[in-house]
Amino acid sequence: MALHISAVSMIFFAIMASASSASINQEDYPADEGEQASSNDNLIFDDYRGKGCVDDSGFVYKLGERFFPGHSNCPCVCTEDGPVCDQPECPKIHPKCTKVEHNGCCPECKEVKNFCEYHGKTYKILEEFKPSPCEWCRCEPSNEVHCVVADCAVPECVNPVYEPEQCCPVCKNGPNCFAGTTIIPAGIEVKVDDCNICHCHNGDWWKPAQCSKRECHGKQTL
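Residues numbered from 1 in each chain as written. Predicted model: local features only at pLDDT ≥ 70, side-chain atom pairs only at ≥ 80, totals over all residues. Heavy atoms only, no water.

## Some details on the overall build of the protein chain
The helix and strand inventory of the protein chain stands at 2 helices and 17 strands. Across the 222 residues in the protein chain, those meeting the buried criterion constitute 17%. Long-range pairs, those at least 24 residues apart, make up 22% of the contacts in the protein chain with a sequence separation of at least 6. Surface exposure of the protein chain reaches about 17,300 Å², of which carbon and sulfur atoms provide 53%. (Helix = DSSP H or I, 4+ residues; strand = E, 2+ residues; numbered from the N terminus. Buried < 20%, exposed > 50% of the residue type's maximum accessible area, 1.4 Å probe, protein only. Contact = heavy atoms within 4.5 Å. Areas by Shrake-Rupley, 256 points an atom, 1.4 Å probe, with all protein chains shown as cover.)

Below is the structure:
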């Protein structure tokens, strides 16, 4: 009889030990809030959702507050759903813009090139100028310089000269031509020696003179 009671007692103590182990499960008895905080110090973050907005530097803005995130010039408004920022379609900057400001949300051109540059000099729009005696130029509204080079006519002489500030050569002594190596004026007959009388071609001043031979005494003719 004693052996039977002892066996029953052992079974009873085994059941109680199992129940005691189950009763102290961590899930049924959570740790104190202070103990949890001390074990998770590196994982605690402030949650501003629905309360405010945080920019790149960690600054907190209130709901409805207007701010500029980071280096952006486009403003944002803090809402319960997070920052709502302006993202406009900025107009293109003029390619001839010489001064751009970035104070606003979009870059703005403050000054457009309204002059031309030619050989290191500047000219106003529609200004006309002569960089050389043979060139006539104008500064166009497109900021480009258009030039026309003088087309000189063929001089009516064989000894043209260039005068200062003149583009085309001039015949200071009038039209003429060559009779051999002699220059004779046009429009008259010239006796170049005892045997020949010459005159220039009409209109063709660059051609040799036309000469007619007269009787002479043993002298060479042209």
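On we go from here.
## Here's the deal with the environment of Ile184
Here Ile184 lies in strand 14 (residues 182-185). Using a relative accessible area of 2% as the deciding quantity, one classes Ile184 as buried. The spacing of Ile184 and His199 is 15 residues in sequence and 7.5 Å in space, taken between C-alpha atoms. Once you skip the residues sitting within four places of it in the chain, Ile184 turns out to touch Asn176, Cys177, Ala179, Val190, Val192, Cys198, His199, Cys200 and Ala209.

## Considerations on the sheet that holds strand 11 (residues 135-139)
Read across the sheet, 3 strands follow the order 10-11-12 without closing on themselves; strand pairing throughout is antiparallel. Two strands bound the open sheet, and with one partner strand each, they are strand 10 (128-129) and strand 12 (145-149). Where strand 11 and strand 12 come together, 5 bridges link them in antiparallel fashion. Following the sheet pairing, Cys139 is matched in strand 12 by Val145. (Pairing = 2+ DSSP bridges.)

## Examining the pairing of strand 7 (residues 108-112)
Two strands pair when backbone bridges link them, and strand 6 (residues 97-101) and strand 7 are joined in this way by 4 bridges, in the antiparallel orientation. By the bridge assignment for strand 7, Val100 is matched with Cys109. Where strand 6 folds back onto strand 7 in an antiparallel hairpin, the turn is made up of 6 residues.

## Here we look at the packing of aromatic side chains
Tallied over the full model, the rule gives 4 aromatic pairs. Between Tyr123 and Phe129, the aromatic rings sit 3.5 Å apart at their centres with planes inclined by 5 degrees, giving stacked as the arrangement. Taken individually, Tyr123 and Phe129 each receive the classification buried, so the pair is uniform in this respect. Within the aromatic cluster, the residues linked to one another by ring pairs are Phe59, Tyr61 and Phe67. (Phe/Tyr/Trp six-rings, centres within 6.5 Å; stacked < 30°, edge-to-face > 60°.)

## What to know about the nonpolar core
The biggest cluster of nonpolar side chains holds 8 residues, and these are Cys177, Ala179, Ile184, Val190, Cys198, Cys200, Trp205 and Ala209. Cys116, Tyr118, Cys137 and Val145 belong to the second-largest nonpolar core, a separate cluster that totals 7 residues. (Core = buried A, V, L, I, M, F, W, Y, C linked by side-chain atoms within 4.5 Å.)

## Considerations on unusual backbone geometry
The backbone phi angle of Leu126 is positive, close to 70 degrees, even though this residue is not glycine. Inspection of the secondary structure puts Leu126 in the loop between strand 9 (121-124) and strand 10. Although it is not a glycine, Asn143 adopts a positive phi angle of roughly 70 degrees. Checked against the element boundaries, Asn143 lands in the loop between strand 11 and strand 12. The class of Asn143 is buried, set by a relative accessible area of 11%.

## Comments concerning the sheet that holds strand 3 (residues 66-67)
Across the sheet, 3 strands lie side by side as 3-4-5; this open sheet has antiparallel pairing. What marks the edges here is a single partner per strand, and that holds for strand 3 and strand 5 (82-85). As paired elements, strand 4 (residues 76-79) and strand 5 share 4 bridges and run antiparallel to each other. Each residue of the ladder has a partner; that of Cys78, found in strand 5, is Pro83.

## Some words on the state of the cysteines
Enumeration according to the criterion identifies 12 disulfides in this entry. Each sulfur of the disulfide joining Cys90 and Cys106 lies 2.0 Å from the other. With the S-S dihedral at roughly -75 degrees, the linkage between Cys90 and Cys106 falls on the left-handed side. Taken together, the positions of Cys90 in the loop between strand 5 and strand 6 and Cys106 in the loop between strand 6 and strand 7 put the pair 16 residues apart, joining distant regions of the chain. The exposure class of Cys90 is partly exposed, given its relative accessible area of 34%. Covalent S-S linkage joins Cys137 and Cys147, the inter-sulfur distance amounting to 2.0 Å. Between Cys137 and Cys147, the S-S torsion sits near 110 degrees, and that sign places the bridge as right-handed. Here Cys147 lies in strand 12 and Cys137 lies in strand 11, a separation of 10 residues in the sequence. (Disulfide = S-S within 2.5 Å.)

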